[in-house]
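A closer look at the structure
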Amino acid sequence: CLVMVLLVLILTLVHLERLIFLEAPIDLMSYYELNKNRLENVRLVSMDGLKDTTISRRLYELLAEKEGLTDINLDDAKKLLPILANTNFFELGANRELITLAVDNDKAGLGFIEKLKNKNIKFNIDLPPLENNQEKMDWNDFLKQKKPLT
């Protein structure tokens, strides 16, 4: 199975790009604008919602690309994240920093974070800060607060 071959290959990788996952394209563009001076070796990915299958697929594509593999099976790609969660993959060196969730700071975004934690998936979290008793904040709203239109 290609997933198992890929798993063996990726356990030997030393340096990987980081993947930062955002909920929507507008959040991706806003996040980039806010952080462009500190983003290195990073891929920003819009999930078009809160989809762990998108994380799994993009991680699979990145790892396959690093190994020069071109035959990508989307069914295998969807299975990668749960497989990696049951290994020590995310404990190894640069893999600890591989995934960042930069989702909306709201009930849905926080619920998604908890869902992935419960699946034993390791990742970093970067949320737009809540201010003045706000109940929700997304990256576009945060950008508009930081850089108002003139």
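First, a word on what this report is: a plain description of the structure on this page. (Residues numbered from 1 in each chain as written. Predicted model: local features only at pLDDT ≥ 70, side-chain atom pairs only at ≥ 80, totals over all residues. Heavy atoms only, no water.)

What to know about the packing of aromatic side chains
This model, assessed by the stated rule, comprises three aromatic pairs. Between Tyr31 and Trp139, the ring centres sit 4.8 Å apart and the planes meet at 90 degrees, which makes this aromatic pair edge-to-face. With Tyr31 in helix H2 (residues 25–35) and Trp139 in helix H6 (residues 139–146), the pair connects residues that are 108 residues apart, well separated along the chain. Judged on exposure class, the residue Tyr31 and its partner Trp139 are both buried. Relative to Phe90, the ring of Phe89 has its centre 5.0 Å away and its plane inclined at 80 degrees; by these criteria the two rings are edge-to-face. Its relative accessible area of 0% is what places Phe89 among the buried residues. By relative accessible area, Phe90 is classed as buried at 3%. Here a set of aromatic residues connected by ring pairs shows up, and it is made of Tyr31, Trp139 and Phe142. (Phe/Tyr/Trp six-rings, centres within 6.5 Å; stacked < 30°, edge-to-face > 60°. Helix = DSSP H or I, 4+ residues; strand = E, 2+ residues; numbered from the N terminus. Buried < 20%, exposed > 50% of the residue type's maximum accessible area, 1.4 Å probe, protein only.)

What about the pattern of salt bridges?
Under the criterion given, the structure shown has twelve salt bridges. Linking Asp106 and Lys136 is a salt bridge whose minimum nitrogen-to-oxygen distance equals 3.6 Å. One end of the pair, Asp106, is in the loop between strand E3 (99–101) and helix H5 (107–118); the other, Lys136, is in the loop between strand E4 (124–125) and H6, with 30 residues separating them in the sequence. Here Asp106 falls in the buried class, since its relative accessible area comes to 12%. For Lys136, a relative accessible area of 41% gives the class partly exposed. The partner of Glu114 in a salt bridge is Lys117, with the nearest N and O atoms 3.8 Å apart. Of this pair, Glu114 and Lys117 both sit in helix H5, three residues apart, roughly one helical turn. Where salt bridges share partners, they join Glu33, Lys36 and Lys147 into one cluster. (Salt bridge = Lys/Arg side-chain N within 4 Å of Asp/Glu carboxyl O.)

Examining helix H3 (residues 52–66)
Counted at 1.5 Å a residue, the expected span for H3 with its 15 residues is 21 Å, and the 21 Å between its end C-alpha atoms agrees. Listed in full, the buried residues belonging to H3 are Asp52, Thr54, Ile55, Ser56, Leu59, Tyr60, Leu62, Leu63 and Ala64. One or two residues past the end of H3 sits Gly68, with phi positive at roughly 75 degrees. (Expected span 1.5 Å × (residues − 1).)

Focus on the pairing of strand E2 (residues 42–46)
Direction of pairing for strand E1 (residues 18–22) relative to E2: parallel, over a ladder of five bridges. Across the sheet, residue Leu19 finds its bridge partner in E2, namely Arg43. Taken together, E1, H2 and E2 constitute a β-α-β crossover, and its handedness is right-handed. (Pairing = 2+ DSSP bridges. Right-handed = clockwise from strand over helix to strand, strands pointing away.)

Just distances and angles here, no functional claims.
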